[in-house]
Amino acid sequence: MQSTISKNNTKFIMSFGKMPLANKFLDKKDFANEKFYDMSVGFDENLSLFQLINFPEPEDMFDENYAFLSGTSEFMKLHFEKFANQIKNLMKKSNRNKKIIEIGCNDGIMLRNFYDDKNYVHLGIEPSKNVYKIAKNQNLNVINEFFSKQLSSQLREFEKKTDVIYAANVICHIPDLKDLFLGIENLLAKDGLFIFEEPYLGEVAKITSYDQIYDEHIYLFSLLSVEKISSLFGLQIIDAIPQLTHGGSMRYFVGRKGQHEISSNVKKFFAIELNQKLDQFETYVKFKNNCENSKERLIELIHSYKKKGKSISGYAATSKSTTILNYCKIGQDLIDCIYDTTPLKINKFSPGMHIPIKDHKYFLKDNPDVSLLFGWNHKNEIFKKEHLYKKNGGIWISHIEDLI
Ligand code: TYD
């Protein structure tokens, strides 16, 4: 598939090579049928939009076996509780019953916060059947669909009446941004807000966290790109707040043009982004060089431990790990296994490089000499949980320079 919003305008930056679907953890019997695509990224200078050039069909990614459960991290549970409280505070001004929609509500981790509140009429939209069922079983009002303009026109109760549409780590997954924004525009009340948070391009460029790029992350946004896209649909960015989640994210607040006061953050981050040259192609040529250096550095580091006879494992079978492992061609000859907490991943194999996934409860018992931290964005939570590892002489490493 290709992006619709910037067809023909995307300038090629680099290819990360042949890539499998990031979240398709598989059994041995499925190795022969595994799907791959060429993971190349490009930049649309008109929209300041960083994006995948080709990507798989969403139906192949968000199916009945989708392996990502939002509720697996304690930090994320708290994060979503705070996010919900922020929305409730923003909405306090109006005393009417509020209509709220979550696009991509996953297992209901955030929507749950609105379920008990009689001031809200909520709706979750979730395309992956297995995670939709988890949300549904908690009596949340959810539908098992992909969000689209067409779907928005069937939601009569919400058309032009929705106070808040929010999404967390979802908008960058939606290939047809034009259709998405038309749907948003169709649902938002006059003073409604579209609030979404996504891994932030500014941070990815700064720390070379190229592992934020994988099939599901079609776009990496900045304020500049969100403003340019919003303006095509009579919308504008009115606030933005950085988040610590996913290794550096941004929460964007978008409303109808002229309906809201613009926060000073918007001006501040526009200036920061222009200073970082996030609107210029040359920045991404540098990014390409940084990715290549990062790859070289990680391979050398792993080989140096291997030469000393050390055992090496991975920690947290994140989607991000699929990009690192396949780009750097790190297989089971270098890494014995990856420890993880997700039942859907345990005892399966990692996409592409086929490294076994092992239950994290064996981590301290196995005690690998060196651990490559794929869940680097959960560093504090993981280091706290596994504090005995380092105490017993274990070594943490990361593909991100100076992280540890
Ligand atoms: P996340 O960064 O959300 O992954 P992604 O790159 O897919 O967005 O991390 C989720 C994965 O990390 C999930 O497979 C569970 C694993 N994990 C652990 O194994 N232990 C932990 O303590 C945490 C927080 C996550």
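Refer to the structure printed above.
All figures in this text were calculated on a predicted structure; none of them were measured in a lab. Within any chain, residue numbers begin from 1 and follow the written order of that chain's sequence. In view of the model being predicted, local features appear only for residues whose pLDDT reaches at least 70, and side-chain atom pairs are presented and counted only at 80 or more, with totals across whole chains, interfaces and linings using the full set of residues. Hydrogens and water molecules were not included; the side-chain quantities draw on all heavy atoms of the structure.

1. Section: the packing of aromatic side chains
Stacked, tilted and edge-to-face are the three classes applied to pairs of Phe, Tyr and Trp rings, where Trp contributes its six-membered ring and a pair requires centres within 6.5 Å; stacked means planes under 30 degrees apart, edge-to-face means over 60, and tilted covers the rest. In the structure shown here, the tally under the stated rule is 23 aromatic pairs. Taking the centre distance of 4.9 Å and the plane angle of 70 degrees together, the rings of Phe-16 and Tyr-327 count as edge-to-face. Of the two residues, Phe-16 sits in strand β1 (residues 10-20) while Tyr-327 sits in helix α11 (residues 319-327), which places them 311 residues apart along the sequence. Accessible area is worked out with a 1.4 Å probe on protein chains only. A residue is then buried under 20% of its type maximum, exposed over 50%, and partly exposed in between. The class of Phe-16 is buried, set by a relative accessible area of 2%. Judged by its relative accessible area of 5%, Tyr-327 is buried. Where Phe-363 meets Tyr-389, the ring centres are 4.7 Å apart and the plane angle is 45 degrees; that geometry is what we call tilted. On the criterion of sequence distance, the pair formed by Phe-363 in helix α12 (residues 363-366) and Tyr-389 in helix α14 (residues 387-391) is long-range, its members being 26 residues apart. Among the residues examined, Phe-363 registers a relative accessible area of 0% and is labelled buried. Per the convention used, a helix needs a DSSP run of H or I reaching at least four residues, while a strand needs a run of E reaching at least two, with both numbered from the N terminus.

2. Overview of the environment of Lys-295
Position of Lys-295 relative to the elements: it lies in helix α10 (residues 281-307). Residue Lys-295 is classed as partly exposed on the basis of its relative accessible area, which comes to 24%. Distance in space between the C-alpha atoms of Lys-295 and Ser-209 is 11 Å, their sequence separation being 86 residues. Residue contacts are counted whenever heavy atoms from the two residues lie within 4.5 Å of one another. Sequence-distant contacts of Lys-295, defined by excluding residues within four places in its chain, comprise Tyr-327 and Cys-328.

3. Thoughts on the pairing of strand β2 (residues 36-44)
Of all nine residues in β2, seven are buried; the element is thus mostly enclosed. Pairing between strands is defined by DSSP: at least two bridges between them are needed. Pairing of β1 with β2 involves eight bridges; the strand directions are antiparallel. In the sheet register, Met-14 faces β2, and the bridge partner there is Val-41. In this structure, β2 lies alongside strand β3 (residues 49-52), joined through four bridges in antiparallel fashion. Among the inter-strand pairings, Phe-43 is bridged to a residue of β3, identified as Phe-50.

4. Remarks on the sheet that holds strand β10 (residues 235-243)
In space, the seven strands of this open sheet follow the order β6-β5-β4-β7-β8-β11-β10, with mixed pairing throughout. Looking along the sheet, the strands with just one partner apiece sit at the ends: β6 (142-143) and β10. All axes are obtained by fitting lines to C-alpha atoms, using only the stretch in contact for helices, and the reported angles, taken between N-to-C directions, cover 0 to 180 degrees. Against the sheet, helix α6 (residues 177-187) touches β4 (98-103), β7 (162-168), β8 (188-199), β10 and β11 (249-256), its axis set at about 140 degrees to β8.

5. Let's talk about the sheet that holds β1
Spatial ordering of the open sheet is given by β1-β2-β3-β9, a layout of four strands whose pairing is antiparallel. What marks the edges here is a single partner per strand, and that holds for β1 and β9 (219-220).

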